[in-house]
Amino acid sequence: MIRCSVFIFSLFLLLSTQAHASEETYQFDTDAQSALFFELTKELRCPMCQNQNIADSDAMIAADLRRKVYQLVNEGQSREQIIDYMKQRYGDFVYYQPPVNATTVWLWLLPVLFVLFGIVLVVRSRQQKPMIQDKAKLEAAEKLLEEDK
């Protein structure tokens, strides 16, 4: 019985060290470099994933991008230089804040247009519509009121 529990404990210990060995660790010279790296990995989108940043993605390309960001940060490149490098290589999709240009202007304008259209619809529906009164109906109502007196 003791042998079995020692074997199971050893197996769990062995498996836990293998899982820990697969974690990526990055060493930086300064805290500013470390902060820049973590900021950029939160702001850059994984090209393979739908809407996940490279810090949270488990995709292989996200791991490659993290390593490239690490390399560029250690080379001393600025935030803008690293973002420009990634956008040049992977397109504007890789950055969560797309630039305003001829192809992306609709991404910025459509939400505003939808809100304005909704406001116009609400205002029009709330406007007082004149009630069409039928003389015959009014006379019938007045007659009923007189009879009740």
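For clarity, every value in this text was computed on a predicted model and none was experimentally measured.

## A short note on the overall build of the protein
Helices and strands together make up the secondary structure of the protein, namely six helices and zero strands. From first element to last, N terminus to C terminus, the protein shows the α and β order α-α-α-α-α-α. Scored against the burial criterion, the 149 residues of the protein give a buried share of 19%. Once local pairs closer than 6 in sequence are excluded, the contacts in the protein between residues at least 24 apart make up 49%.

## A few points about the confidence of the model for the protein
Overall, the predicted model of the protein reaches an average pLDDT of 83, with 81% of residues at or above 70. Put simply, helix α1 (residues 2-21) is where the protein has its lowest mean pLDDT, 60, and helix α3 (residues 60-74) is where it has its highest, 94. Below pLDDT 50 for its whole length, residues 18-22 participates in zero contacts with residues either more than four positions away or in separate chains.

## Things to note about a negative patch on the surface
Residues E139, E142, E146, E147 and D148 make up a contiguous surface patch of negative charge. Considering the arrangement of structural elements, one finds E147 in helix α6 (residues 135-148).

## So, the packing of aromatic side chains
Under the counting rule described, the total for this entry stands at six aromatic pairs. Ring centres of F28 and Y70 lie 5.2 Å apart, and the angle between their planes is 70°; this geometry places the pair in the edge-to-face category. Here F28, found in the loop between α1 and α2 (31-43), pairs with Y70, found in helix α3; they are 42 residues apart in sequence, far enough to count as distant. On the basis of relative accessible area, F28 is assigned to the buried category, the value being 17%. Using a relative accessible area of 23% as the deciding quantity, one classes Y70 as partly exposed.

## As for the packing of α2 against helix α4 (residues 79-90)
When two helices pack together, their arrangement is given by the angle between the helix axes and by the axis-to-axis distance. At a closest axis distance of 11 Å, the pairing of α2 and α4 adopts a crossing angle of 35°. Pair α2 / α4 crosses with right-handed handedness. Here α2 contributes L36, E39, L40 and E43 to the contact with α4, which in turn contributes R79, I82 and I83. Partitioning the contact of α2 with α4 into residue classes produces four nonpolar, no polar and three charged.

## A few points about the packing of α3 against α4
Where α3 contacts α4, the axes come no closer than 10 Å and their chain directions differ by 145°. Between α3 and α4 lies a crossing of right-handed hand. Residue-level contacts link I61, L65, K68, V69, L72 and V73 of α3 to I82, Y85, M86 and Y90 of α4. Among the residues making up the contact of α3 with α4, the classes are represented as nine nonpolar, no polar and one charged.

## Overview of the nonpolar core
In this structure, L40, L44, I54, V69, V73 and I82 are the most contacted members of the largest nonpolar core, which totals 20 residues. Leave out the neighbours within four places in its chain, and I54 touches T41, L44, R45, C46, A62, L65, R66 and V69.

Conventions we followed
Once a new chain begins, its residue numbering starts again from 1 and follows that chain's sequence as written. In keeping with the predicted nature of the model, local features appear solely for residues at pLDDT of at least 70, side-chain atom pairs appear and are counted solely at 80 or more, and the whole-chain, interface and lining totals rest on all residues. Each side-chain value is worked out from all heavy atoms of the structure, with water and hydrogens disregarded. Helix and strand assignments follow DSSP, with helices taken as H or I runs no shorter than four residues and strands as E runs no shorter than two, numbered in order from the N terminus. In this scheme, a residue with accessible area under 20% of its type's maximum is buried, one over 50% is exposed, and one in between is partly exposed, where area comes from a 1.4 Å probe on protein chains only. Contact criterion: two residues are considered in contact whenever any of their non-hydrogen atoms come within 4.5 Å of each other. As a per-residue quantity, pLDDT reports the predictor's confidence and falls between 0 and 100. Residues form patches when they are more than 30% accessible in relative terms and have no salt bridge. Like charges link within 9 Å. Nonpolar side chains (Val, Leu, Ile, Met, Phe, Trp, Tyr) link within 5 Å. Note on areas: these come from Shrake-Rupley sampling with a 1.4 Å probe, and a residue is covered only by the protein chains present in the view. Whenever Lys or Arg places a side-chain nitrogen within 4 Å of a carboxyl oxygen from Asp or Glu, that contact is recorded as a salt bridge. This count recognises Lys and Arg as positive and Asp and Glu as negative, with His and chain-terminal groups excluded. Charged groups are reduced to one reference atom each: NZ for lysine, CZ for arginine, CG for aspartic acid, CD for glutamic acid. Aromatic pairs are defined between Phe, Tyr and Trp rings, using the six-membered ring for Trp, whenever the two ring centres lie within 6.5 Å; interplanar angles under 30 degrees are classed as stacked, those over 60 as edge-to-face, and all others as tilted. In this analysis, axes come from line fits to C-alpha atoms, helices being fitted only over the stretch in contact, and the angle between any two N-to-C directions falls in the range 0 to 180 degrees. We call a crossing left-handed when the near helix sits turned anticlockwise from the far one by less than a right angle, and right-handed when that turn is clockwise. Each residue gets one of three labels, nonpolar for Ala, Val, Leu, Ile, Met, Phe, Trp, Tyr, Cys and Pro, charged for Asp, Glu, Lys and Arg, and polar for the others, Gly among them. What makes a nonpolar core is a set of buried Ala, Val, Leu, Ile, Met, Phe, Trp, Tyr and Cys residues whose side-chain atoms join them at distances within 4.5 Å.

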